[in-house]
Amino acid sequence: MAKCRKSPEKIFLTLDVYQTIIDLLPKIDELFSSDSTSTVRSQIVVTLSNLREGVISMIDEFESSISKESSKSLISGGGIHQLTRYVMNFIVFLADYSDTLSDIISKPLLPSPEEENSGDSSPVKSRIAWLILFLLCKIDAKSRLYNDVALSYLFLINNLNYVVVKVRSSNLKMVLSEDWVKKHEGKVKKYAGKFEEIVWGEVMTSLSDDVTTVEERIRRFSDGFEEAYKRQTGWVVPDSKLRDEIKRSVGMMIIPRYSEFCERYRVGLLENVGFAPEDIGNYLSDLYFGSRGSGSVSSVHSSGSYV
């Protein structure tokens, strides 16, 4: 194992071998305690050293593979990139060996500002946090490949959320800390807020233009809502909890204000003007399922379901 080619896929078997030898050291020292068998003990020491070097080399190679990943293909609907899945699955397994790794990784990388302030800069935490940071930088670069700014934000939201969920639901949470999780959950919410503002902000401004007539403002709102809806019918949020949170937030942004507007100006007495307030939630509930989304705003127009 110590002499084999140092590919990342072999790191877990290498760690198993290393830990097994460590566990057997007391027995080895007992069985080979005489001077005549000292070469055996020396060979064990050399083997452990080689295994440690091999593990570090494999982690370096894994980091290099992230850096070299250069695909420019866009993920449909702003979904989760295969690189995110691969890297996080690898790191989750790596975290299961955190105790063994603490005996192997003795020199930390440069600690983050949070680690410097807290005094918590263990070599294992530092190395794993660095790998995740490397991944997130790569994902940020890939988000810029999208022509639609809102879709690029959705891509960031989905991939960062995937990372956070993986950390929170595995031993990574113990390695990186609850503070790390909360900090990155905050980033997901920040991106989500920006995404909602880009997609729906202009729709809402149509209701506040006092220069035009009520009918014109309702038409602008309806046209804007229809355009935003159609724009997102192929977009996806794979995580059901996140998907519901985004739709709930958008609903709270749109429905109360639109309902108040309709009530204030008695829009219900007008004919063929726009959507009924209660219909807005139905459309929002259909979003972010990707190509599985059903329904269409235009189909409602054709059925005559107006306020």
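This structure is a prediction, so every number in the text was calculated from the model and none was measured.

### Some points on the nonpolar core
Counting 81 residues, the largest nonpolar core has Ile132, Trp200 and Phe225 as the members making the most contacts within it. Here this core takes 11 residues from helix 7 (residues 149–168), the largest share from any one element. When sequence neighbours within four positions are dropped, the list of residues in contact with isoleucine 132 reads Met88, Ile91, Val163, Val167, Leu176 and Trp180.

### Examining the confidence of the model for the chain
Overall, the predicted model of the chain reaches an average pLDDT of 87, with 86% of residues at or above 70. Per-element averaging of pLDDT across the chain places helix 13 (residues 297–303) at the bottom with 43 and helix 7 at the top with 98.

### Description of the environment of valine 199
If you trace the backbone, valine 199 turns up in helix 9 (residues 178–205). Owing to a relative accessible area of 4%, valine 199 belongs among the buried residues under this scheme. Along the chain, valine 199 and leucine 151 lie 48 residues apart, while their C-alpha atoms are 9.3 Å from each other. Those residues in contact with valine 199, other than ones at most four positions away along the chain, are Ala150, Ala228, Arg231, Gln232 and Trp235.

### Observations concerning the packing of aromatic side chains
All chains considered together, the criterion is met by 17 aromatic pairs. Members of the aromatic cluster, connected to one another through ring pairs, are Trp200, Phe221, Phe225, Tyr229, Tyr258, Phe275 and Tyr283.

### A few points about the layout of surface pockets
The volume enclosed by the second largest pocket comes to roughly 330 Å³. Along its surface, the second largest pocket is lined by 15 residues, and Asn161, Val188, Lys241, Leu242 and Glu245 are the ones closest to its centre. Contributing elements (two or more residues each) for the lining of the second largest pocket: helix 7, helix 9 and helix 11 (240–264). Considered class by class, the residues forming the lining of the second largest pocket number six nonpolar, two polar and seven charged.

### So, the pattern of salt bridges
Under the counting rule described, the total for this entry stands at 12 salt bridges. With its nearest N and O atoms 3.0 Å apart, the salt bridge here joins arginine 168 to glutamate 178. Taken together, the residues arginine 168 in helix 7 and glutamate 178 in helix 9 connect sequence positions 10 residues apart. Taking the relative accessible area as the measure of exposure, arginine 168 reaches 32% and is therefore partly exposed. Note that glutamate 226 and lysine 230 form a salt bridge whose closest N and O atoms lie 3.0 Å from each other. Placement of the pair is glutamate 226 and lysine 230 together in helix 10 (residues 214–232), with a separation of four residues, close to one helical turn. The buried category is assigned to glutamate 226, whose relative accessible area is 14%.

Rules used in this analysis
Residues numbered from 1 in each chain as written. Predicted model: local features only at pLDDT ≥ 70, side-chain atom pairs only at ≥ 80, totals over all residues. Heavy atoms only, no water. Core = buried A, V, L, I, M, F, W, Y, C linked by side-chain atoms within 4.5 Å. Buried < 20%, exposed > 50% of the residue type's maximum accessible area, 1.4 Å probe, protein only. Helix = DSSP H or I, 4+ residues; strand = E, 2+ residues; numbered from the N terminus. Contact = heavy atoms within 4.5 Å. pLDDT = per-residue confidence, 0-100. Phe/Tyr/Trp six-rings, centres within 6.5 Å; stacked < 30°, edge-to-face > 60°. 1 Å grid on protein atoms, 1.4 Å probe; cavity = no way out; pocket = protein on both sides within 12 Å on 5 of 7 lines; lining within 4 Å. Points joined across faces, edges and corners; volume = space filled by probe spheres on them. Nonpolar A, V, L, I, M, F, W, Y, C, P; charged D, E, K, R; others polar. Salt bridge = Lys/Arg side-chain N within 4 Å of Asp/Glu carboxyl O.

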